[in-house]
4 protein chains.
Amino acid sequence: MGSFQVRTDLALEARESVQDSSGQIRGVKYEEENNKNAGIHVTKVTIETKNGAKAMGKPMGIYITLEVPGLAEPDEGYHREVSEELAHQLQGIMPVMDKEMSVLVVGLGNRDVTADSLGPNVADNLFVNRHVLMEFGAAAYNKEKMHQISCIVPGVMAKTGMESAEIVKGVVEETKPDFVIAVDALAARSTRRLNRTIQLSTAGIHPGSGVGNHRNALTQESLGIPVLAVGVPTVVDAATIVGDALEKLEAECDLTIMAGREHPQAISELNNMYVTGKDIDETVKRLGYTISEAINIALEEIE
Amino acid sequence: MGSFQVRTDLALEARESVQDSSGQIRGVKYEEENNKNAGIHVTKVTIETKNGAKAMGKPMGIYITLEVPGLAEPDEGYHREVSEELAHQLQGIMPVMDKEMSVLVVGLGNRDVTADSLGPNVADNLFVNRHVLMEFGAAAYNKEKMHQISCIVPGVMAKTGMESAEIVKGVVEETKPDFVIAVDALAARSTRRLNRTIQLSTAGIHPGSGVGNHRNALTQESLGIPVLAVGVPTVVDAATIVGDALEKLEAECDLTIMAGREHPQAISELNNMYVTGKDIDETVKRLGYTISEAINIALEEIE
Amino acid sequence: MGSFQVRTDLALEARESVQDSSGQIRGVKYEEENNKNAGIHVTKVTIETKNGAKAMGKPMGIYITLEVPGLAEPDEGYHREVSEELAHQLQGIMPVMDKEMSVLVVGLGNRDVTADSLGPNVADNLFVNRHVLMEFGAAAYNKEKMHQISCIVPGVMAKTGMESAEIVKGVVEETKPDFVIAVDALAARSTRRLNRTIQLSTAGIHPGSGVGNHRNALTQESLGIPVLAVGVPTVVDAATIVGDALEKLEAECDLTIMAGREHPQAISELNNMYVTGKDIDETVKRLGYTISEAINIALEEIE
Amino acid sequence: MGSFQVRTDLALEARESVQDSSGQIRGVKYEEENNKNAGIHVTKVTIETKNGAKAMGKPMGIYITLEVPGLAEPDEGYHREVSEELAHQLQGIMPVMDKEMSVLVVGLGNRDVTADSLGPNVADNLFVNRHVLMEFGAAAYNKEKMHQISCIVPGVMAKTGMESAEIVKGVVEETKPDFVIAVDALAARSTRRLNRTIQLSTAGIHPGSGVGNHRNALTQESLGIPVLAVGVPTVVDAATIVGDALEKLEAECDLTIMAGREHPQAISELNNMYVTGKDIDETVKRLGYTISEAINIALEEIE
């Protein structure tokens, strides 16, 4: 059933799809660790070569995945322990921060489409200080040094007539941040990962990724500065769900139902449909808060 | 695959599931018509007997379905032609309106869960006049007679601690309307019907129906006055989608894959997941406006 | 300038307007205390007689005012110390709670008019449990006894065609709570009190009070059970502001400018205008959270 | 009472404040016309010299004011006749549009502060096409030529850490529009003008103007392309209201109360307070729609 095109923004899932029986993919490194206190499972996939990138269908870079079973459920508060682990992992892939740096956070996606509103939700909660630091310096916060944080929600092409990438590029050129953190809602392949997996990456945002399907890249290559991407899968393409169910069924029943066949009509009808949880409205808000806190924590101190 | 429990709030789909090769179900009458001008296909299913109700898994009553292929797409405005046909069909099942009547419109569902917010959206656009008529009479609108319209959005149990049915019952007893029109988001079995099918019914709202799964009924029996239900399917249960795809595949491949088997894990993982369109946020608003206008038109004139 | 009709929902301000030089009003008792830890100034006005009520222009009952200078400003969080003092004062005027009681919280006002949305904001954050307790008992929360909490947002007459009082009366008769806590946005006379004063009262809600001007009362007399009112002034009538400024000016300049005169046109133009703070959108959300937490705390334990 | 600093963003009001008994101000031209069909009063103030600018406290440029008594009230629809007159006036001050031009509409202000959300509301309704034209050309709309329209909502400094001007400048440099139309909520001096006056100007947006008080300018000088400003006053500073009432009172009573005095405390307490209408939430949405339609109409055809 290799002809069935599954879509996932998670490197972890891409790896599961392509690995051979030995569990190895050339040019792709894989490491695991557990944060036992917080019940968070951390996986690091590093795509080191062009061949690895081709095999995975993802650009070269580091992809860190935090799997948090309880994240999809409400918490007293907003899962501070997750924010802290996420901040820790984020610091591991940020540029060296031993002097005052300037960071632009980009909240991608569509504020008016719930499953696509993770980026704008993060922006709503973020602590920004660039305007204060530029006018009054760190003294305004009783500190000697502080990283500068600014934030933009570029909006979606159907409302702006511009690529998010054009807007961000213009803002980067005008305000000269040292690097970008771009937040976006992702598509997963498995419903088990919905709303409970956070992916960090040094590879930026690529055409066709995210719930909203950007055309242009937000990467170090396109912007001239490092771009870290943070995302959570909030949807699964409905066609992917059915395709995967059929594939498992073939395996279970030892059949080769779909080989060389067109997809059943039931699948092609699912075009533009997605699967999501019933509490997505509330979940996206909570995830946005958890991620904005993580970014706040990661940028709080100068090393 | 009869063991696979599909869920649909549409009598039309229930009938498709249970009809035999003759296309007949005892105790269930079926009629079709087309509104050629507006491209609307109207179907009327009447469940006339208890046996018919048992076969259909739906209570006795009239179920009218308007299928409007273009309804899921944006329009210059809000599809007034659909509002007019819906008003016409609504008038056909309303009590005799030859004197001033009082109508309570109930917007069921959860304002904060997009796919479940059809009822509150209808309420937001509805023309209400009961308070004006009670203080100033129809003269306030330069008319001699007018139907009284009031409206309540009871909210959901998780936010109120009360059944919608309890709240509506209290309001009905206090304000004594002649009948109720209850609007709710529905679940369909097929994605083809999502956001483009409107169902009217004299059977009211029943436990387990709607996107939000009410526990208590809103019916003539429970409220003491007629209850007309208006609904649009905004979601399909994800498990239903996969189940249906498998069923079609069995037919296409002439197999009996699932007979006597447990559902593949891929299906049970889909619990609490639903499938919906990518533009559901905008679609629900537009549908709400179309239905509120239909109710406004249906109640505008005294016969 | 006694002919200038000032409007305030705060008993504290009404008392300031009518007291004579001795500071005494017959039939009205006045007490003050300070919660030094939290910087909250608490005032208790008790209108004990019909004469007192007439003098004050407010019905008989207890009116407790919490003045919190910092409340209008954002806080790390939501001013938990205010929630705790408010819970403490609320417990002082609630019925004896030594057995399981059932409480209906009513969120008055208009969700879509920022300055009038305090009630709906409180409802959004409230912990409700009546539906769980009725189905599973207190065991669902690992407790032996719990107070039952339910909540309704009746909406405004222009959207429902019904008085809030009609809806609440119906719900009270259907669900039989032991008492009601009604939350509403208030009008103050002085901008100094905007968003930083909370008034509790045993007198319920009266026609003409609140930002939205209810016509019917929500009182023990109308509902048959005690009604506690909780409110925060979010607006000052613009005409009141100007009138007060003129009055002070007369005093400062030792003039009698307006005696026996019509109001200057500048005042009559202010009809339907109100004065509010620039950050009212954010402030109302924060106040709503603080009050909902206070109600949660006040109802948490059985004495 | 010249010491009392009144604030208005309307050139019309500035002129009223400074004109002498002859009604003339040097370097300032004044013209009036009426659109009798639509009941719209149009005024054109042209500040032609630096002296005129100094006298008026506004930069040189053309300021056109549309006064529409009915604009503050709801309409069947959204006042299309106003959109058409506004489009006509806008075309009068736009650059020559005889070839395909590219226009960037900027929605200034804060989406989350009702009285400041006019710009974002206009952006929500605007027809944008730049992304379609760049990929498919005018043929996508069955036309030969079309103006390119893009749109940005820069957000407010407290949320972005950047000046709106920085963001717009970056976007202008990246996407190279021919001119900018900037929409913003304004402050008026008189409540009579609230929500019923629209001002167009060739002078752009200046520090300290708008409800949200920008620090940096959006002008031809700062951006390198023409900047047309469109605004509606949605608030009056509360201190201005009281100051104006006192001034009128002085005139009526033939007194000189405030000469050389500090403002009464009643005025200084009004700092950061503003006066607005009770239906501001709904009004801003309607105004946003009316203005977005005007921009759509003005840019529809190539001359």
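Computed from a prediction, not measured in an experiment: that's the story for all the values here.

Thresholds, definitions, all that
Residues numbered from 1 in each chain as written. Chains lettered and ligands numbered in written order. Predicted model: local features only at pLDDT ≥ 70, side-chain atom pairs only at ≥ 80, totals over all residues. Heavy atoms only, no water. Helix = DSSP H or I, 4+ residues; strand = E, 2+ residues; numbered from the N terminus. Contact = heavy atoms within 4.5 Å. Phe/Tyr/Trp six-rings, centres within 6.5 Å; stacked < 30°, edge-to-face > 60°. Lys NZ or Arg CZ within 6 Å of the ring centre and 35° of its normal. Buried < 20%, exposed > 50% of the residue type's maximum accessible area, 1.4 Å probe, protein only. Pairing = 2+ DSSP bridges. Axes fitted to C-alpha atoms, helices over the stretch in contact; angles between N-to-C directions. Parallel < 35°, antiparallel > 145°, perpendicular 65-115°, else oblique. Left-handed = near helix turned anticlockwise from the far one by under 90°. Nonpolar A, V, L, I, M, F, W, Y, C, P; charged D, E, K, R; others polar. Salt bridge = Lys/Arg side-chain N within 4 Å of Asp/Glu carboxyl O.

**Student:** Which parts of the structure should I look at to understand the overall build of chain A?
**Tutor:** Counting secondary structure elements, chain A contains eleven helices and nine strands. Of the contacts made within chain A by residues no fewer than 6 positions apart, 74% connect residues no fewer than 24 positions apart.

**Student:** Whenever I open this one, the packing of aromatic side chains confuses me. Can you help?
**Tutor:** Two measures describe an aromatic ring pair: the distance that separates the ring centres and the angle between the ring planes. Residues and elements named next belong to chain C. Across all of its chains, the model carries four aromatic pairs over all chains by this definition. For the pair Phe127 and Tyr141, a centre-to-centre distance of 5.7 Å together with 75 degrees between the ring planes defines the contact as edge-to-face. One end of the pair, Phe127, is in the loop between helix H4 (118-125) and helix H5 (130-136); the other, Tyr141, is in the loop between H5 and strand E5 (148-152), with 14 residues separating them in the sequence. One cation-aromatic arrangement involves Arg15 over Tyr30; the distance from NZ or CZ to the ring centre is 3.5 Å.

**Student:** Looking at this structure, how should I read the pairing of strand E9 (residues 273-277) of chain D?
**Tutor:** Walk down a regular strand and you will see the side chains alternate between the two sheet faces. All names here are of chain D. E9 sits mainly inside the fold: five of its five residues count as buried. Covered by surrounding structure in E9 are Met273, Val275 and Gly277 together with Tyr274 and Thr276, the residues of both alternating faces. As defined by bridge partners, strand E8 (residues 227-237) adjoins E9 across two bridges and the pair is classed as antiparallel. In the strand pairing of E9, Asp237 is matched with Tyr274.

**Student:** So what exactly am I meant to see when it comes to the side chain of C:Ser150 here?
**Tutor:** Turning to its location among the elements, C:Ser150 is positioned in strand E5. On the accessibility criterion, C:Ser150 (1% relative accessible area) is buried. Sequence-distant contacts of C:Ser150, defined by excluding residues within four places in its chain, comprise B:Thr160, B:Met162, C:Val103, C:Leu104, C:Val105, C:Val128 and C:Arg130.

**Student:** How should the packing of helix H4 (residues 118-125) of chain D against helix H11 (residues 280-298) of chain D be read in this particular structure?
**Tutor:** The axes of two packed helices give the description: the angle between them and the distance between them. Residues and elements named next belong to chain D. In contact at an axis separation of 8 Å, H4 and H11 are set at 55 degrees when each is read in the N-to-C sense. One finds that H4 runs oblique with respect to H11. Seen along the crossing, H4 lies across H11 with a hand that is right-handed. In contact with Leu118, Asn121, Val122 and Asn125 of H4, H11 contributes Val284, Lys285, Leu287, Gly288, Tyr289, Ile291, Ser292, Ile295 and Asn296. Class assignment of the residues belonging to the contact of H4 with H11 gives a composition of seven nonpolar, five polar and one charged.

**Student:** Could you clarify how one ought to interpret helix H1 (residues 11-18) of chain B in this entry?
**Tutor:** Owing to its 3.6 residues per turn, the α-helix aligns residues three or four sequence positions apart on the same side. Inspection of H1(B) places B:Ala11, B:Leu12, B:Glu13, B:Ala14 and B:Arg15 among the buried residues, and these make up the whole buried set. Taken together, the buried residues of H1(B) touch strand E1 (28-35), strand E2 (40-47), helix H2 (50-56), strand E3 (61-67), strand E6 (179-188) and strand E7 (197-201) of chain B.

**Student:** Where do I start with the pattern of salt bridges in this structure?
**Tutor:** When the charged atoms of two side chains with opposite charge come close together, those side chains can pair. Under the defined criterion, the tally for this structure stands at 40 salt bridges over all chains. Of the charged contacts in the structure, one is a salt bridge between A:Asp124 and A:Arg111, with a shortest N-O distance of 3.2 Å. Separated by 13 residues along the polypeptide, A:Asp124 in helix H4 (residues 118-125) and A:Arg111 in the loop between strand E4 (102-107) and H4 bring together distant segments of the chain. The partner of B:Asp112 in a salt bridge is B:Lys159, with the nearest N and O atoms 3.2 Å apart. With B:Asp112 in the loop between strand E4 (102-107) and helix H4 (118-125) and B:Lys159 in helix H6 (residues 157-160), this residue pair connects regions lying 47 residues apart in the sequence.

By themselves these figures say nothing about function.
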